[in-house]
Amino acid sequence: MASWIIQMTVMVLSVFISSVQGKRDKVLYCSACKAIVDELNYSISQVDPKKTINVGSFRLSPDGTMKDKKIPLARSETHLSELLDGVCNSMSDYALHVDPDTQLKQYMRFAPRSSGATGDFPDFKNFQFDGPDASNALKFACETVVEELEDDIISLFSQDTEHVHTELCNRISDYCKDSSHTNEEL
């Protein structure tokens, strides 16, 4: 009798736990993925294209030469890893935006960049500023996406892949796969 009760308890708990396990907010994770791509694209564009980094084995060949090559710093794995370490810190510059025509919700950047133009930002009345909890949720989603997809992100950016939003957020991660705003820029 006691083993039957234990078995039933375990079964009920396993069903409860599997039903409670996180359903991710599609808007939040899709927006976090797109924000990562946008922030990385901006950071890469700010690097001097003339800067290079040596990559290779740095070992001497039997003839005394070293086999290494220079690649642009902006898209090197080393630089991309450094950018990924700090990309989620800019999520406090994003807020939930509701399109007045379509009622489409997505997180968008509301704060101007330090060296960017300020004229191309949407009207603030369409943003929902829900305090630090909303930006903390976006930052957590960003950190989760970076943790899960770090290798894929570095691979896509180092290869200078076209349409990184679509490739990363739709095909690789499926965060934006079913959303109606898959091809929109943030």
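No experiment lies behind these values; they were computed from the predicted model shown. (Residues numbered from 1 in each chain as written. Predicted model: local features only at pLDDT ≥ 70, side-chain atom pairs only at ≥ 80, totals over all residues. Heavy atoms only, no water.)

Chemist: Looking at this structure, I do not really get helix α2 (residues 26-45). What am I missing?
Modeler: Given 3.6 residues per helical turn, the α-helix brings residues three or four places apart onto the same face. Taking 1.5 Å per residue as the helical rise, α2 with its 20 residues ought to reach 28 Å, and the 28 Å between its terminal C-alpha atoms agrees with that figure. The element α2 is extensively covered by neighbouring structure, given that 14 of its 20 residues are classed as buried. Where α2 begins, the side chain of Asp25 points an oxygen toward the backbone nitrogen of Val27, at a separation of 3.2 Å. (Helix = DSSP H or I, 4+ residues; strand = E, 2+ residues; numbered from the N terminus. Expected span 1.5 Å × (residues − 1). Buried < 20%, exposed > 50% of the residue type's maximum accessible area, 1.4 Å probe, protein only. Polar contact = N/O pair within 3.5 Å; in protein donor to acceptor, adjacent residues only side chain to side chain.)

Chemist: Looking at this structure, how should I read unusual backbone geometry?
Modeler: A negative phi angle is the norm for most residues apart from glycine, just as the trans form is the norm for most peptide bonds. The backbone phi angle of His163 is positive, close to 55°, even though this residue is not glycine. Judged by relative accessible area, His163 falls into the exposed class, the value being 60%. Phi at Asp174 takes a positive value of approximately 65°, unusual for a residue other than glycine. Within the fold, Asp174 resides in the segment after α5 (164-172). Owing to a relative accessible area of 35%, Asp174 belongs among the partly exposed residues under this scheme.

Chemist: Please clarify how the nonpolar core should be interpreted in this entry.
Modeler: Nonpolar side chains in soluble globular proteins generally cluster together in the buried interior. Counting residues in each nonpolar core, the largest one holds 36 residues, and the members touching the most others are Leu40, Cys142, Ile153, Phe157 and Leu168. Only α2, α3 (77-86), β3 (94-98), α4 (132-158) and α5 provide two or more residues apiece to this core. The contact partners of Ile153, leaving out residues within four places of it in the chain, are Ile36, Leu40, Leu84, Val145, Val146 and Leu168. In this structure, Ala95, Met108, Ala111 and Phe127 belong to the second largest nonpolar core, which totals five residues. (Core = buried A, V, L, I, M, F, W, Y, C linked by side-chain atoms within 4.5 Å. Contact = heavy atoms within 4.5 Å.)

Chemist: What exactly am I supposed to notice about the sheet that holds strand β5 (residues 127-128) here?
Modeler: Whenever strands of a sheet pair, they do so through backbone hydrogen bonds, lying parallel or antiparallel. Taken together, three strands build an open sheet; the order of strands is β4-β3-β5 and the sheet is antiparallel. Sheet topology places β4 (105-109) and β5 at the edges, where each strand pairs with a single neighbour. Pairing between β3 and β4: five bridges, direction antiparallel. Bridging from a neighbouring strand, Tyr94 pairs with Arg109 of β4. Where α2 meets the sheet, it contacts β3 and β4, and its direction lies at approximately 25° from that of β4. (Pairing = 2+ DSSP bridges. Axes fitted to C-alpha atoms, helices over the stretch in contact; angles between N-to-C directions.)

Chemist: Explanation requested: the state of the cysteines in the structure shown.
Modeler: One way to say it: the disulfide is the covalent bond shared by the sulfur atoms of two cysteines. This structure, assessed with the given rule, holds three disulfides. Across a sulfur-sulfur distance of 1.9 Å, Cys30 and Cys176 are joined as a disulfide pair. The chirality of the disulfide connecting Cys30 with Cys176 is right-handed, given an S-S dihedral of about 110°. Taken as a pair, Cys30 in helix α2 and Cys176 in the segment after α5 lie far apart in primary sequence, 146 residues in all. (Disulfide = S-S within 2.5 Å.)

Chemist: Would you mind going over α5 with me for this structure?
Modeler: Among the residues of α5, Val164, His165, Thr166, Leu168, Cys169 and Asn170 are the ones counted as buried. Where the residues of α5 are buried, they touch α2 and α4. At the C-terminal side of α5, Asp174 shows a positive phi close to 65°.

Chemist: Sorry, what's going on with the confidence of the model for the protein here?
Modeler: Note: predicted coordinates in regions of low pLDDT should not be interpreted at a detailed level. On average, the protein scores 82 in pLDDT, and the residues at 70 or more come to 78%. Every residue in residues 16-21 scores below 50 in pLDDT, and together they form zero contacts with partners more than four places removed in sequence or on other chains. Low pLDDT (under 50) marks residues 181-186, which in the prediction has 23 contacts with non-local residues, meaning those over four places away or in another chain. (pLDDT = per-residue confidence, 0-100.)

Chemist: I tried to follow the pairing of β4 on my own but got confused; where do I start?
Modeler: Two faces belong to every sheet, and in a regular strand the side chains alternate between them. In terms of burial, β4 is a largely internal element, four of the five residues being buried. Linking β3 to β4, which pair antiparallel, is a turn of six residues; within it Gln103 sits at a positive phi near 60°.

Chemist: Could you clarify how one ought to interpret the packing of aromatic side chains in this entry?
Modeler: The geometry of two aromatic rings is summed up by the distance between their centres and the angle between their planes. Throughout the structure, instances matching the rule amount to seven aromatic pairs. Here the aromatic rings of Phe124 and Phe127 are separated by 6.1 Å at their centres, their planes lie at 50°, and the arrangement is tilted. Looking at Phe124, the relative accessible area reads 46%, which means it is partly exposed. Put simply, the rings of Phe110, Phe124, Phe127 and Phe129 pair up and form one aromatic cluster. Seen from the ring of Tyr42, Arg113 lies directly overhead, with NZ or CZ sitting 4.1 Å from the centre. (Phe/Tyr/Trp six-rings, centres within 6.5 Å; stacked < 30°, edge-to-face > 60°. Lys NZ or Arg CZ within 6 Å of the ring centre and 35° of its normal.)

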